[in-house]
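Now for the letters of each chain:
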Amino acid sequence: MGNDGGSIPKRRELVKEAARNPTTTQIKELISEKQAHHWSYDPLSSRPLARPIVSDSLGRLFNKDSIIEFLLPTDSGNEARRAEQEDFIAGTVKSLKDVVEVKFEVEADENGPRTGSGRTERWVCPITRQELGPGPKAVYLVPCGHAFAGAAVKEISGERCLACEESYASNDVIPILPTSETDVARLQMRMATLKEKGLAHTLKKVKGGKGKGDKKRKKAEVDERVVTNDVPEEARTDVEVKPPQDDAVFKARSEVSTPQPGSGASTPKPTNGIKNAATASLTARVLEEQEERNKRRKMESNKNINSLFTSSKNGAGGKKPRDIDFMNRGFDISSKR
């Protein structure tokens, strides 16, 4: 039963201690270290933060040049790094409209420029002169981007920025690097609301989003369907069609279909459901021509029916009765004397 020269290990030497959940103090220390790192370094390039600095809808800080490099197409040689960046961004940044440039007020440090691997500037609140960093809560406003201490904005509640007097909504106060779950949930809810309105984080319209452009496109589609008679009769009464000004073919048809005053031509009645005079006139004229064609077709004698009746004495085509087909026999019409 020996082991390594006859030594017998005891149980306390073999059984390791069970993993313990971190205490509250340890959790706070980890969060503080993480916050200090994100307040000093860009998460995409791992370079120190330096102006111009931008922030996404979740309050994270980036160097602007790092965001531009992320949005530009990259070579396929660094796919692993690209995948890490996309996982961190998580779809929150798709263009420069999704980031706001944060305007920090820089104060000269009494001990001189900061030394070390992190950022070298000291950012302070322009109201309280309190340093902005991993300690107290800091916020910035959308769309101007000025950064303040969270307590200053909370105490001086208003609708205009304290630095530039630009108006903002209470929902556009963005916490920088939030740690509270309530703040994160509020930011996610804000972005969902802006997405429904077709707006980006900067409150600018997103290309292809919902807005007035969609309404114009829908109205143009309905107008086109009315011109091509694809809309039901009951739906046409609510749509007023305007002929396109640049369509020369449509103008020519309108001029032909609309009679000039004094010409003596009758004005066709507009069809039901089409309010535009040119379109209604063109439709009425086409219907009238089609009706005249049908009448003319009915009035013309059919050759197949005429072959059954003959007006000559000898029969159809001058033939004798015995030479006439049995279908024509007995149906000769004697000529008038």
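Please read all numbers here as calculations on a predicted model, not as lab measurements.

Scanning the model with the defined rule gives four aromatic pairs in all. Relative to Trp123, the ring of Trp39 has its centre 6.3 Å away and its plane inclined at 55 degrees; by these criteria the two rings are tilted. Of this pair, Trp39 sits in the loop between α2 (24–38) and β1 (53–55) while Trp123 sits in strand β5 (residues 123–124), placing them 84 residues apart in sequence. You'll find Trp39 and Trp123 in the same group, each marked buried. Among the aromatic residues, those joined into a cluster by ring pairs are Trp39, Phe104 and Trp123. In this arrangement the basic side chain of Arg60 is found over the ring face of Phe88, its NZ or CZ atom lying 4.7 Å from the centre.

Attention now moves to a negative patch on the surface. A cluster of acidic residues, Glu288, Glu289, Glu291 and Glu292, forms a negative patch at the surface. Mapped onto the secondary structure, Glu291 falls in helix α10 (residues 277–299).

Another aspect to go through is the sheet that holds β1. Hydrogen bonds between backbone groups are what pair the strands of a sheet, and the pairing can be parallel or antiparallel. Strand order in the open sheet made by the three strands is β2-β1-β3, with antiparallel pairing throughout. For this open sheet the edge positions go to β2 (61–63) and β3 (100–102), each flanked by a neighbour on one side alone. For this sheet, the mean angle separating the axes of adjacent strands, direction not counted, is 45 degrees. Examined bridge by bridge, β1 and β2 share three bridges and lie antiparallel to one another. Each bridged residue has a counterpart across the sheet, and for Ile53 the counterpart in β2 is Asn63.

Moving on, we come to the sheet that holds strand β6 (residues 138–141). Strands sit in the order β7-β6-β8 across an open sheet of three strands; the sheet is antiparallel. At either margin of the open sheet sits one strand with a lone partner, and together these are β7 (147–149) and β8 (173–175). Averaged over all neighbouring strand pairs, the angle between strand axes comes to 35 degrees, with direction disregarded. Where β6 and β8 come together, three bridges link them in antiparallel fashion. Following the sheet pairing, Leu141 is matched in β8 by Val173.

Analysis parameters
Along each chain, residues carry numbers from 1 onward, in the same order as the chain's sequence is written. Reporting of local features is limited, given that this is a predicted model, to residues whose pLDDT is at least 70; pairs of side-chain atoms are given and counted only at 80 or more, and all residues count toward the totals for whole chains, interfaces and linings. Calculated side-chain values reflect all of the structure's heavy atoms, with hydrogen atoms and water omitted. Pairing of aromatic rings covers Phe, Tyr and Trp, the last counted by its six-membered ring, and requires centre-to-centre distances within 6.5 Å; plane angles under 30 degrees mean stacked, over 60 mean edge-to-face, and any other angle means tilted. Strands here mean DSSP runs of E at least two residues long; helices mean DSSP runs of H or I at least four residues long; both are numbered from the N terminus. Using a 1.4 Å probe on the protein chains alone, a residue whose accessible area is under 20% of its type maximum counts as buried, one over 50% counts as exposed, and one in between counts as partly exposed. For a Lys NZ or an Arg CZ to count as sitting over a ring, it must be within 6 Å of the ring centre and within 35 degrees of the ring normal. Nonpolar side chains (Val, Leu, Ile, Met, Phe, Trp, Tyr) are joined into patches within 5 Å and like charges within 9 Å, using only residues with over 30% relative accessible area and no salt bridge. Surface exposure here means Shrake-Rupley accessible area, sampled with a 1.4 Å probe, where a residue is shielded only by the protein chains that are shown. Take a side-chain nitrogen of Lys or Arg and a carboxyl oxygen of Asp or Glu: if they are within 4 Å of each other, that pair is a salt bridge. We score Asp and Glu as negative and Lys and Arg as positive, and we do not count His or the chain ends. Where a charge lies is defined by one atom per residue type: Lys uses NZ, Arg uses CZ, Asp uses CG and Glu uses CD. Paired strands, as defined in this entry, are two strands with at least two bridges between them according to DSSP. Each axis is a line fitted through C-alpha atoms, taken for helices only over the stretch in contact, and angles between the N-to-C directions span 0 to 180 degrees.

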